Amino acid sequence: MNAAQRKELKVTLVRSLHGQLANIAASARGLGLRRLHQTVAVADTPENRGMIQTAVHLLKVERAS
């Protein structure tokens, strides 16, 4: 599958991980987010969707174009 066919999501950390439960912080870190306002592109897979759902209150999620 080439890059044009692969579905991706843009995920941005908009709230701090400080004070969050360990599993929520681990999910955000698992998506590759380390710093506030950092944006990463992740594959649209069930595993990544689960991590996004765990930390949805800290994230902004968009479809990558």
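Residues numbered from 1 in each chain as written. Predicted model: local features only at pLDDT ≥ 70, side-chain atom pairs only at ≥ 80, totals over all residues. Heavy atoms only, no water.

Caption draft 1: Quick look at the nonpolar core. Formed by 14 residues in total, the largest nonpolar core has its most connected members in Val11, Leu31, Leu33 and Leu59. At three residues, strand 1 (residues 8-13) tops the list of elements feeding residues into this core. (Core = buried A, V, L, I, M, F, W, Y, C linked by side-chain atoms within 4.5 Å. Buried < 20%, exposed > 50% of the residue type's maximum accessible area, 1.4 Å probe, protein only. Helix = DSSP H or I, 4+ residues; strand = E, 2+ residues; numbered from the N terminus.)

Caption draft 2: Expanded view of the sheet that holds strand 1. On the basis of which strands lie adjacent, the open sheet formed by three strands has the order 2-1-3 and antiparallel pairing. Of all the strands in the sheet, just strand 2 (39-43) and strand 3 (59-63) have a single pairing partner and so form its edges. Taken pair by pair, the neighbouring strands of this sheet meet at an average axis angle of 30°, ignoring direction. The sheet contact formed by strand 1 and strand 2 spans five bridges and is antiparallel. Paired with Val11 across the bridge in strand 2 is Val40. Packed onto the sheet, helix 2 (residues 46-54) meets strand 1, strand 2 and strand 3 and runs at close to 25° relative to strand 1. (Pairing = 2+ DSSP bridges. Axes fitted to C-alpha atoms, helices over the stretch in contact; angles between N-to-C directions. Contact = heavy atoms within 4.5 Å.)

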